[in-house]
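Report on the structure
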Amino acid sequence: MITVPAGFGEGLGEGAHEWVSRLPTLATKACSRWRLAPDGELMHGFCAVVLPVRRADGHPAVLKLTWMDHETEHEPLALRLYDGNGAVQLLGHDEELGALLLERLDHTHTLDDEPIELAVGVIGSMLRRHRDLEAPAEMRRLTGELRHHPAVPGTLLDAAREIATRPMGRSLVNEDLHYENVLRGDREPWLMIDPKPLSGDREYGVIPLLWNRFEELDGRKGLTDRFLALCDAGELDVATARDWTFYRAVANWIWCLEEDIEDLAVICAEIAGWAARA
């Protein structure tokens, strides 16, 4: 039924090769279980493949098969909590197959294509609408562990570690909310996809909205302006958002250095330095 692109699944971890080899069988089983007919070309991201389908009643949808790890395991739970409010609608979930049946959106049109002022406004509206959603007890929480790296100053590392020791809230947070993960929809003009949920402070989710479209920023003034615009639009606490932005900048700086992702490491270092002085 599907042909998995060459190279998909590389870097996912132990067991990924076997999972990738089973994707055609998993897709066939999911289509049979939900009475789906393929309706387009297979798409994929880093850890999931998405197949456009038609349901038995003729309505369009997409079948998503996701590699399960600590970041993705609670995506169905988060989507049920969002219940289509500013987020893609979950139409079905098969835990055994790792399959999600989702509302179909226009993947060719995202907030990345829109002026940044509009994009920030849309994201802010979503953050406000989701502000009262509490994460259930089983949802992942921040561990706060940061490894040492010689390229990261010890003073920044110590400061980031201290932030991670502070008490956190229990809001439903999407730690991967960014402009390319908000797609044009029919039911609502814009809908969020691919949540990577955790339980914590709402402000923990700010940094992807800074490092994405970073090239559009006018230096540190531009970084400050976008940060404050996001806090204002999302009704976030500025000091808490600054602290979590600093923590995540340091954490991702270290990760990028370890994974040899030089471009993003430079951006994270810049954001960390900005947040340390903000």
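Up top is the structure these notes are about.
Residues numbered from 1 in each chain as written. Predicted model: local features only at pLDDT ≥ 70, side-chain atom pairs only at ≥ 80, totals over all residues. Heavy atoms only, no water.

**As for helix α4 (residues 154-164)**
An α-helical segment advances 3.6 residues per turn. Residues three or four places apart therefore align on the same side. Of the residues making up α4, those classed as buried are L156, L157, A160, I163 and A164. Angular distribution of buried residues about the axis of α4 spans 120 degrees; they occupy a single face of the element. Residues of α4 that are exposed and point more than 90 degrees away from the buried face comprise T155 and D158. Residues of α4 that are buried make contact with α7 (238-259) and α8 (262-277). (Buried < 20%, exposed > 50% of the residue type's maximum accessible area, 1.4 Å probe, protein only. Helix = DSSP H or I, 4+ residues; strand = E, 2+ residues; numbered from the N terminus. Arc of directions from axis to C-beta. Contact = heavy atoms within 4.5 Å.)

**Section: the packing of aromatic side chains**
Under the definition given, this model contains five aromatic pairs. Judged by centre distance (6.0 Å) and plane angle (45 degrees), the ring pair of F8 and W19 falls under tilted. A residue pair is termed long-range when its members are at least 10 positions apart, and F8 in the segment before α1 (16-34) and W19 in helix α1 qualify at eleven residues. Of the two residues, F8 and W19, neither departs from the other in class, the shared state being buried. Relative to W244, the ring of Y204 lies with its centre 5.3 Å away and its plane at 70 degrees, an arrangement referred to as edge-to-face. Note that Y204 is positioned in the loop between β11 (197-200) and α5 (208-211) and W244 in helix α7, a separation of 40 residues in sequence. Taken individually, Y204 and W244 each receive the classification buried, so the pair is uniform in this respect. Here the guanidinium or amino end of R213 rests over the ring plane of Y179, the centre of that ring lying 5.5 Å away. Over the ring of F246 we find R242, and its NZ or CZ is 5.6 Å from the ring centre. (Phe/Tyr/Trp six-rings, centres within 6.5 Å; stacked < 30°, edge-to-face > 60°. Lys NZ or Arg CZ within 6 Å of the ring centre and 35° of its normal.)

**Some remarks on the pattern of salt bridges**
The full count for this structure, using the stated rule, is 20 salt bridges. Between D39 and R104 there is a salt bridge, with the nearest N and O atoms lying 2.7 Å from each other. Of the two residues, D39 is situated in the loop between β1 (37-38) and β2 (43-44) and R104 in the loop between β6 (99-103) and β7 (106-110); the sequence distance between them amounts to 65 residues. Residue E235 is joined to R131 by a salt bridge in which the shortest nitrogen-to-oxygen separation is 2.4 Å. Here the residue E235 occupies a position in the loop between α6 (219-234) and α7, and R131 occupies one in the loop between α3 (116-129) and α4, the gap between them amounting to 104 residues. (Salt bridge = Lys/Arg side-chain N within 4 Å of Asp/Glu carboxyl O.)

**A word on the nonpolar core**
Formed by 69 residues in total, the largest nonpolar core has its most connected members in L111, I123, Y179, V182, Y247, V250 and I271. Broken down by element, the residue count for this core peaks at nine residues, all from α7. Discounting residues that sit within four places of it in the chain, Y247 has contacts with L142, G144, E145, L146, A160, I163, A164 and Y204. Grouped together as the second largest cluster of nonpolar side chains are 24 residues, F8, L23, L36 and L63 included. (Core = buried A, V, L, I, M, F, W, Y, C linked by side-chain atoms within 4.5 Å.)

**Let's talk about the layout of surface pockets**
Roughly 200 Å³ of volume is contained in the second largest pocket. Lining the second largest pocket we find R55, H59, P60, L91, E103, R104, L105, D106, R184, G185, D186 and R187. Residue composition of the lining of the second largest pocket, grouped by class: three nonpolar, two polar and seven charged. (1 Å grid on protein atoms, 1.4 Å probe; cavity = no way out; pocket = protein on both sides within 12 Å on 5 of 7 lines; lining within 4 Å. Points joined across faces, edges and corners; volume = space filled by probe spheres on them. Nonpolar A, V, L, I, M, F, W, Y, C, P; charged D, E, K, R; others polar.)

**Brief notes about the packing of α6 against α7**
Contact pair α6 / α7: the axes reach a minimum separation of 10 Å and the direction vectors enclose 125 degrees. Compared by their axis directions, α6 and α7 come out oblique. Between α6 and α7 the crossing geometry is right-handed. Contact residues: F227, L228 and C231 in α6; V238, A241, R242 and T245 in α7. Grouping the constituent residues of the contact of α6 with α7 by class yields five nonpolar, one polar and one charged. (Axes fitted to C-alpha atoms, helices over the stretch in contact; angles between N-to-C directions. Parallel < 35°, antiparallel > 145°, perpendicular 65-115°, else oblique. Left-handed = near helix turned anticlockwise from the far one by under 90°.)

**Things to note about the side chain of N174**
With respect to the helices, strands and loops of the structure, N174 is situated in strand β8 (residues 171-174). On the accessibility criterion, N174 (6% relative accessible area) is buried. Within the structure, the side chain of N174 is placed 3.0 Å from the backbone nitrogen of D176, a separation counted as a polar contact. Side-chain polar atoms of N174 contact the backbone nitrogen of K196, separated by 3.0 Å. In this view, N174 contacts Y82, M192, D194, P195, K196 and G205; residues no more than four positions away in its chain are not counted. (Polar contact = N/O pair within 3.5 Å; in protein donor to acceptor, adjacent residues only side chain to side chain.)

**A word on the packing of α7 against α8**
In the contact formed by α7 and α8, the axes pass within 8 Å of each other and the chain directions differ by 150 degrees. It follows from the interaxial angle that α7 and α8 lie roughly antiparallel. With respect to the hand of their crossing, α7 and α8 are arranged in left-handed fashion. Here R242, T245, F246, A249, V250, N252, W253, C256 and L257 of α7 lie close against α8, whose contacting residues are L264, A265, C268, A269, I271, A272, W274, A275 and A276. Across the contact of α7 with α8, the residue classes break down as 15 nonpolar, two polar and one charged.

The values reported here are purely geometric and, on their own, carry no functional implication.
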